[in-house]
Each structure stands twice: as C-alpha cells, then as structure tokens.
Amino acid sequence: MRVRYAVEVKGIVQGVGFRPFVYGLAVHNQLGGWVLNHAAGVSLEIEGEAEDCEDFLIRLREDAPALAVVEEVQARRIAPQEAYSFAIRESGGGARDTLVSPDMGICEDCLAELRDPQNRRFRYAFTNCTNCGPRFTIIESLPYDRPRTTMRVFPLCADCAREYQDPLDRRFHAQPNACPVCGPQLRFLDAAGREQPGDALEAAKQAIRAGEIIAVKGIGGYHLVCDATAESAVTLLRNRKYRWDKPFAVMLPDLDTVRQYCLVEEAEAELLASQRRPIVLLRKRLDGSALAGEVAPRNPRIGVMLPYTPLHYLLCEQMPPLVMTSGNVSDEPIVYEDTCAVTALSGIADGFLTHNRAIFRRCDDSVAVYAAHAPRLLRRSRGYAPQPLTILDCGRNILACGGEQKNTFCLTRRDKAFLSQHIGDLDNQATLESYQREIGYFQEMFAVSPQVVACDMHPEYLSTQYARSCRDEARIEVQHHHAHLASVLAEHAVTGEAIGLIFDGTGYGPDGMLWGGEVLIGDCAGFRRAAHLRPLLLPGGSRAIREPWRIALAALADAGGMDLLASAPDGLLRPGWQILLQAAQQGINTPRSTSMGRLFDAVAALAGIGRTVNYEGQAAVELEQELSMPAHAAYAPYTFRIAQEDGMHVIDWRQLICAVVADMAAGRGAAVIARRFHQAVVALCLDICRCIRAESGLTQVALSGGCWQNIYLLEQTAAALQAEGFRVLLNQAVPANDGGLAYGQAAVAAAKIRKGMI
Ligand SMILES: [Zn+2]
Ligand SMILES: [Zn+2]
Ligand SMILES: [Zn+2]
C-alpha cells in the first residue's frame, strides 16, 4: 500500500549534511517526495510502500550524520500524490527556531584527502565538508547559507560548485566548501605586518624552529605558537605576554606523541580525539619526555590538544611539540580580527601565519578534564557553544548575564539554554564590548528577545550593571552561590532540595560580605545558608588575593594571637607586617570573607608555597601539586571544628592553622601539609553532610564552585559521600567555576517564574 508522510525535523539539522542524508535514505528506500531547509529546521515529505516509509522514519533518527543532533521528528500521514522521484528544494523562510552547530574538528575523510597527493585538496589548509569545519565562528546570521557566512567572498569554482550541488556528495551544501583554486589562502607576515614572499607555512615553521613566536590564525582567534621544548622560547613568550606562571596549553600531533609526555587513560584519549577537540588537562609523565618546565610550572597537569584544523595538521608535521596559547596580552580577549592582529600582538609575535577567511566571532578553545568518572568542562567554548543545554520551560525567555570573571551569558528559549562561548573577564574594555555585542548576536541568531534578565547581586560586577541598564525587562538578582548550586541541579534536572557544598574564590552575599565557603540547602527556586567558613580577614583587599601571605598573617593572629605569630614559618612575614595587621584588625581596607579559596591560599602560604601569586587559584594549584610528591609517613587529617552560632554551623579553621604551623616547625614540609589539609576538607564535607542529613533527611549533595576544579578534592569528596549513601551531583557540561554561573542564574529565574515568584 502506498502512503505519504509530512515530516518536521528539529535540532542541529542544518549545515551538517542532513539533507543529502535524507536524499540518500529516500533513494535507498525507493521513496518519492522532497526535503527543504527552513529557518525552523527541516521539512520533508516521503511517499512509497508503507514499510519502506516506516524504515525511513526509524533510520532518520538512528543513522543521522555525525554532527547532526535530531531533537524532534514529527510525522503525520497525508494523502499520496503519485510521487516517484525525490528532490531537494530551495531553502525557505519561516519563523526561526533552528540551532547552530558548533565548530568541529576535521573529519577522517577530509584528513585523508589532505594527505593524499592525488587529491585536489592535497595539503590544502581549508579543507572541510558537511561533517566538519567552521560553523559558529563564520555564521553572521541565519538561515545558514553561504551568503550569510564569511565565506561569501569566495565564489565557488566549477569543481566545488559541482560538489556543492550534488545531493550525494559529502560537500552538498557545505557552506565553507573551498579548494586551492577558489578558496582562502595562507599568507605569512613579518612582525610589522608586511607580507613575505614564498611558502607561508614553511616560513612560519622555520621561524618556530628557530625559537621565534608566531601568531597563527585559527578557528575562533589567533594563537601564539612557539617550540614547547625550548625553554628560551617559552620564557620569551611569558615575558612578552606578561603572563608569569599560568600554564600554557600545548598541541601535539597525535595520541602516540601525547603518551610520550603524559599519562593518558582511555577515556581521556577519547575526549582528546573527539571532534570537539577540547584542551584536556592531563597528568604530566615524570618518567617520559619532558617539555620545557616553563610551559606549566609547578603544576601537576598540562593542557594538551590535538590538531583540529587542516592547518594545524600541516603545522605540526615534522615539528616539536608546540605551545598554543591564546593570542592576547595578559587578560585581554583573544585577537580574532585581521585588521587589529598586527597592532594588538606587536611586540609579542615575530610573525603571522594568517589567511583571508574572516572570523566573525571570537571563540576560545574549550578546556576539559576527565575526573570522578566523567569528562568535565572547565571552559565551555569552541566545539560546544552554542549547542543548547536543557532547562525547565518556564514560558518566558530569560537572559542571564553571568559573573565578572570567566564570564559567559545564557539566553533561554522554551526548554533550551544557549550558553555563550567563553567571554572572559569583564574588567577589560575590549571584553566588555564583545560581551555586549555577542548578547545582541545571540538574540538575533536564536530569534529571542528576553522578557526576564537575571544577574549576580554584586553591585560592582559589570554584568550586573549591564542587567540593571536593561529597563524593559523584569530583573532578578541571584545570589552567587545559589547560582552555582542551581547550575548543578539544572544540569541533572533535579527539582527537589539538595545540600550544596559551594566552595569558590569569592561571591557577594546578601549580607554584603564576601561568601565562598558555603553549605547551602535549597533547590533552584530558593536556598538557605546552613553553614559557612569562619570569616578570614583579607588585609589590603584585592592585594591579599595576589599576596596570600597577608591572609595567612591575619589567620595566624586570629588562631593564636602574638604567640602563634612568634612561631610563624620562616619567610612568611614581610616587612611592615605589624602595621598591616593592626590596620586589618581595625577593619581598615580589610574585607572579611568566608571563602574556601582564601583558606587554601592561607594554608599554601603557611606551607611556603604561593606566598605571592599572579593568577587566581595559583596557590591552590601549587598545593594540589604537592599531593603528587611522596609523603614518607602517614599522618591523620587536620580537623575543622564545627561550632553553632545562631542556628548556623560555623566551620572553624583556627585549630587547623595551629596544626599547620606545628608541622612547619617540625620540618614536615608542604607535601605532608597539603595531604593533611585536603583530607581535612574531605572529612569536613562528610561530617557536615551527615549532620544535615540527620537534621533534614536530605541525601542529595551538589558540589559546585571554582574550588572543585581541584581534582583530588572532587574525586575524594565524591567517593567519600557516595560510600556513605549520598547521591552526589557534579557539574559536567557546565563549568563548576564562574563560567557556569549564567546557566545557574537562568535556572534560578526559570524556577522562580514557574513558582509565580516573579
Ligand atoms: Zn570533513
Ligand atoms: Zn574550488
Ligand atoms: Zn563563583
């Protein structure tokens, strides 16, 4: 019996080879009909024998192309029309409801062509197809068609046009399709931006081999590249970039090479080689080949990525491991526009390997780690953004503005949350501009105008000020740590209450104090504070964050007064400490903070590491590094005391500080202190959760906040809680650090709207 179906498909179904796939499947099943792209997805009609149609509908979901994400297939029976041939129709208009694919690493087929001397794309640096290549970073507007991408300036040659029009070709409607005849070309510029004659790729590689620093244009911006085995080149890069200790990522040509430098588990290898190609933090091999120490000083891990563009593959051939770090100065955003590249990177780059395919929007590399049995994103950007996350549908569109550091924002449409790429630290003018611009683009791209704006409570965050300047929308201000908690709950679609162990650097509390070592009880709609760390004094405010010895000084005074200060570890106290302490005790320029991150700083400083630092969380990273040192004897964990104050548990660290000082005096050193301290935090988490479970019956625990990037802490705490029968919820697709804040804010706003609280 002949039947006909009208079918609507939604999801990531454009620019991913979906229509050729539909065409091939229809031809295979001897069906007539047509398929059409429109702004809301893909429409098609099929006609043929009933069982062939049914088989088609099953395979439409199950055999979809690699980059497609089929979210919804709606099929309804309609009257047959005697159709025996199948056609691909021109794109139509309609309401916009479609999704944009992230940029994807080169596929196996394209890589094989790149390496095949007989292929017309042999060694062509811009080879791509419907299964791979740039998307998000070249799309200017939707629907996704070549004239709306930065590829519009390259008219297709006859060969490329044939591929582009052939429904059975891998490049059918591949918008960035190109070849050496018609597509983008590489160029090599000297430090002053003058184009150099000759083979651009070879010139760049020669310069890198000679120890120079070359800016290389990638997918979402420029990288700064140098020889990762040459101490002098890496040091030069640090000096020029004003980046002293923060680790650099490296690019290695293949998994075998990665294994020479790092310990790689199977799951980590999978993450590295996935088409999203994040930077993966791997453990350094102590017995293998070594990179220059300056690549990731005093860090147990190193960020590694595999090549993800054809250009990267060509660049890595016959080359040492390469440092690949964002092309910027210090905390400025990554450079992505050709017009500014030479000026912005002048004094840093000795040359530029660039090309004439424009990048429409900046998008940094993503960073992931495999920890506690799952891949976890620490920075969700290239390869992931703007693929939506799910969120409870609350009937209104929300713009969540995010935090101040590691900013991302989040726009919702029904049950989809479009979390932006990594924007960066908003205290920088260029970053703030790209923040505002991207918010505009997202609204246009996803056809969403927000009705509710969510933001942090901190009055000085520029994201809060941005939210306050939006006058037409209802505004909701979300407490920082509640947003962290909600980010985990929303990721796991948990609607009930949970215990939130929210440990981070700093967030604004409703009482005006700086929070950050918080035990909350709540769901997405609300929370109460169940416990917090005893406040630490931060003498000198933000200077105390760069100079953790100041926090240690105040903690010593609090824990044991002048007696304890008299036995302070050697070299801790800097000249003028008495005056500083006096001012701190009088509250002059000395905020109080319950931050767990700051307690890590204080303990690290006492243990003789990270007494002054130059990136946030450095002291904690160096303390974690100590865990990989052999400790010659076993010591019990330090202990926190849990006191009761006004119905609240206060976590008292004073005894712990005294014990650290005693260990230093006994010459036990940083490795012992690091171990005892980490174990103490794990034990604390367990104690406090047991205590709350006894009081409230709650058995779900959510861990979030930047401190949970500490892998030892995360894995040990999760395991300890699970062993005690708790259900442990961790961030996975969304960073536990402030990069996940916007998603959490959106989840809080959605929950409050559903409860009629807004
Ligand atoms: Zn491909
Ligand atoms: Zn061509
Ligand atoms: Zn935070």
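Residues numbered from 1 in each chain as written. Chains lettered and ligands numbered in written order. Predicted model: local features only at pLDDT ≥ 70, side-chain atom pairs only at ≥ 80, totals over all residues. Heavy atoms only, no water.

Visitor: I'd like a description of the sheet that holds strand S2 (residues 32-38), backed by residues and values.
Guide: Strands in a sheet are paired, the pairing made by backbone hydrogen bonds, and the direction either parallel or antiparallel. With respect to topology, five strands assemble into an open sheet ordered S4-S1-S3-S2-S5, the strand pairing being mixed. What marks the edges here is a single partner per strand, and that holds for strand S4 (69-78) and strand S5 (86-88). Pairwise comparison of adjacent strand axes, ignoring direction, gives a mean angle of 15 degrees for this sheet. Across seven bridges, S2 lies against strand S3 (residues 41-49) in antiparallel orientation. Among the inter-strand pairings, Val 35 is bridged to a residue of S3, identified as Leu 44. Helix H2 (residues 50-62) contacts strand S1 (2-12), S3 and S4 of the sheet and is inclined by roughly 150 degrees relative to S3. (Pairing = 2+ DSSP bridges. Helix = DSSP H or I, 4+ residues; strand = E, 2+ residues; numbered from the N terminus. Axes fitted to C-alpha atoms, helices over the stretch in contact; angles between N-to-C directions. Contact = heavy atoms within 4.5 Å.)

Visitor: How would you explain the domain arrangement of the protein if you had to name every residue and give the values?
Guide: Segmenting the protein into domains produces domain 1 (2-88), domain 2 (100-183), domain 3 (186-355), domain 4 (372-494 + 737-754) and domain 5 (533-730). Counting residues at the interface gives twelve residues for domain 1, matched by 15 residues for domain 2. Across the domain 1 to domain 2 interface the summed buried area is about 1100 Å²; carbon plus sulfur atoms make up 68%. Summed over the three residues of domain 1 that lose the most area to domain 2, namely Gly 15, Pro 20 and Leu 67, the buried surface amounts to 40% of that side. At the boundary of domain 1 with domain 2, the tally comes to zero salt bridges. The interface formed by domain 1 and domain 2 contains one residue pair in polar contact (both at pLDDT 80 or more). Counting residues per element, the side of domain 1 that touches domain 2 draws most heavily on helix H1 (residues 18-28), at four residues. (Domains from an automatic or database assignment. Buried area = accessible area lost by both parts, 1.4 Å probe. Salt bridge = Lys/Arg side-chain N within 4 Å of Asp/Glu carboxyl O. Polar contact = N/O pair within 3.5 Å; in protein donor to acceptor, adjacent residues only side chain to side chain.)

Visitor: Break down the coordination of the zinc ion (ligand 2) for me, citing the residues and quoting the values.
Guide: The protein atoms that coordinate the zinc ion (ligand 2) are Cys 157 (SG), Cys 160 (SG), Cys 179 (SG) and Cys 182 (SG), at distances spanning 2.3 Å. You can call Cys 179 buried: its relative accessible area is 0%. (Donors = N, O, S within 2.8 Å, 3.2 Å for Na, K, Ca; no water. Buried < 20%, exposed > 50% of the residue type's maximum accessible area, 1.4 Å probe, protein only.)

Visitor: So, the packing of aromatic side chains: which residues are in play, and what are the values?
Guide: Scanning the entire structure with this criterion turns up 13 aromatic pairs. Ring centres of Phe 136 and Phe 442 lie 6.1 Å apart, and the angle between their planes is 90 degrees; on these two criteria the pair is classed as edge-to-face. Separated by 306 residues along the polypeptide, Phe 136 in the loop between helix H3 (108-114) and helix H4 (158-165) and Phe 442 in helix H11 (residues 429-445) bring together distant segments of the chain. Both residues of the pair, Phe 136 and Phe 442, belong to the buried class. A ring pair is formed by Phe 409 and Phe 442, whose centres lie 5.0 Å apart and whose planes are at 75 degrees; its orientation type is edge-to-face. (Phe/Tyr/Trp six-rings, centres within 6.5 Å; stacked < 30°, edge-to-face > 60°.)

Visitor: Describe the coordination of the zinc ion (ligand 1), with residues and values.
Guide: Of the protein atoms, only Cys 107 (SG), Cys 110 (SG), Cys 129 (SG) and Cys 132 (SG) coordinate the zinc ion (ligand 1), at distances of 2.3 to 2.4 Å. Seen from the zinc ion (ligand 1), its four donor atoms lie at angles of 103 to 120 degrees, and the figure they make is tetrahedral. (Tetrahedral: all angles 85-135°; square planar, octahedral: opposite > 155°, others 65-115°.)

Visitor: Please give an account of unusual backbone geometry that cites residues and values.
Guide: A cis amide bond, omega 0 degrees, links Ala 385 with the succeeding residue Pro 386. Looking at the element boundaries, Pro 386 is found in the loop between strand S16 (374-379) and strand S17 (389-390). With phi around 55 degrees, Gln 318 is a residue other than glycine that occupies positive phi space. As for its placement among the helices and strands, Gln 318 is situated in the loop between helix H9 (310-316) and strand S13 (322-326). On the basis of relative accessibility, which here comes to 72%, the residue Gln 318 falls in the exposed class. At Ala 447, a position not held by glycine, the phi torsion is positive, near 50 degrees. Residue position: Ala 447 is located in the loop between H11 and strand S21 (452-456).

Visitor: I'd love a proper account of the state of the cysteines, names of residues and values included.
Guide: Here, disulfide denotes a covalent bond that connects the sulfur atoms of two cysteines. One pass over the full model with this rule turns up zero disulfides. Cys 363 provides the cysteine sulfur closest to Cys 340, a residue in no disulfide bond, and the two sulfurs are 18 Å apart. Not part of a disulfide, Cys 685 finds its nearest cysteine sulfur in Cys 689, a span of 6.5 Å. Looking at Cys 685, the relative accessible area reads 1%, which means it is buried. (Disulfide = S-S within 2.5 Å.)

Visitor: Can you lay out H11 for me, pointing to particular residues and giving the numbers?
Guide: Counted at 1.5 Å a residue, the expected span for H11 with its 17 residues is 24 Å, and the 24 Å between its end C-alpha atoms agrees. Of the positions making up H11, those classed as buried are Thr 431, Leu 432, Ser 434, Tyr 435, Glu 438, Ile 439, Phe 442 and Met 445. Buried positions in H11, seen along its axis, are confined to an arc of 160 degrees and lie on one side of it. On the buried face of H11, the contacting elements are strand S18 (398-400), strand S19 (410-413), strand S20 (416-419) and helix H12 (462-469). The N-cap of H11, judged by a side-chain oxygen 2.9 Å from the amide nitrogen of Ala 430 a few residues on, is Asn 428. One or two positions beyond H11, positive phi appears at Ala 447, with a value near 50 degrees. (Expected span 1.5 Å × (residues − 1). Arc of directions from axis to C-beta.)

Visitor: Can you tell me about the side chain of His 355, naming the residues and giving the values?
Guide: Relative to the helices and strands, His 355 is located in strand S14 (residues 351-355). A distance of 3.1 Å separates a polar atom in the side chain of His 355 from the backbone nitrogen of Arg 357. Residues contacting His 355, with those up to four places away along its chain left out, are Phe 126, Gln 185, Leu 186, Lys 217, Gly 218 and Asp 338.

Visitor: Help me get a handle on H2, residues and values and all.
Guide: The end-to-end C-alpha distance of H2, which contains 13 residues, comes to 19 Å, matching closely the 18 Å that a straight helix rising 1.5 Å per residue would cover. Of the positions making up H2, those classed as buried are Cys 53, Phe 56, Leu 57 and Leu 60. Down the axis of H2, the buried set is contained in an arc of 95 degrees. They therefore lie on one face. For H2, the exposed residues lying more than 90 degrees away from the buried face are Glu 51 and Glu 62.

Visitor: With reference to specific residues and values, describe the packing of helix H20 (residues 669-696) against helix H21 (residues 711-723).
Guide: It is at 9 Å that the axes of H20 and H21 come closest, and there the two elements cross at 35 degrees. For H20 against H21, the interelement crossing comes out right-handed. Of the residues in H21, those in contact with His 678, Gln 679, Val 681, Val 682, Cys 685, Leu 686 and Cys 689 of H20 are Tyr 712, Leu 713, Gln 716, Thr 717, Ala 720 and Leu 721. (Left-handed = near helix turned anticlockwise from the far one by under 90°.)

Visitor: If you had to explain the pairing of strand S11 (residues 279-284) to someone new, which residues and values would you point to?
Guide: Strand direction decides the pairing type here: strand S10 (residues 262-263) and S11, joined by two bridges, are antiparallel. When the sheet's bridge partners are listed, Leu 263 is paired in S11 with Arg 283. Relative to strand S15 (residues 367-371), S11 is paired through two bridges, and the arrangement is parallel. Bridging across to S15, Ile 279 finds its partner in Val 367. One ladder, built from four bridges, connects S11 with strand S12 (residues 301-305); its direction is antiparallel. When the sheet's bridge partners are listed, Leu 281 is paired in S12 with Gly 303.

Visitor: Before we move on, could you go through the side chain of Thr 149 and cite the residues and values that matter?
Guide: As for its placement among the helices and strands, Thr 149 is situated in the loop between H3 and H4. Within the structure, Thr 149 has its side chain in polar contact with the backbone oxygen of Arg 146 (distance 2.9 Å). In contact with Thr 149, other than residues within four places in its own chain, are Ile 138, Ile 139, Glu 140 and Tyr 144.

Visitor: Quick one: what's the story with the environment of Asp 558, residue by residue and with numbers?
Guide: Its place among the elements puts Asp 558 in helix H15 (residues 549-566). A residue is classified by how much of its surface remains accessible, and Asp 558, at 30% relative accessible area, is partly exposed. Between the alpha carbons of Asp 558 and Thr 137 there is a distance of 52 Å; along the sequence they are 421 residues apart.

Visitor: Tell me about the sheet that holds S20, and name the residues and values.
Guide: The six strands are arranged S17-S20-S19-S18-S21-S22 in an open sheet whose pairing can be described as mixed. Only two strands of the sheet have a single neighbouring strand rather than two, namely S17 and strand S22 (474-478). Bridge count for S19 against S20 is four bridges, and the pairing is antiparallel. Looking at the pairing, Arg 413 lines up with Lys 416 of S20.

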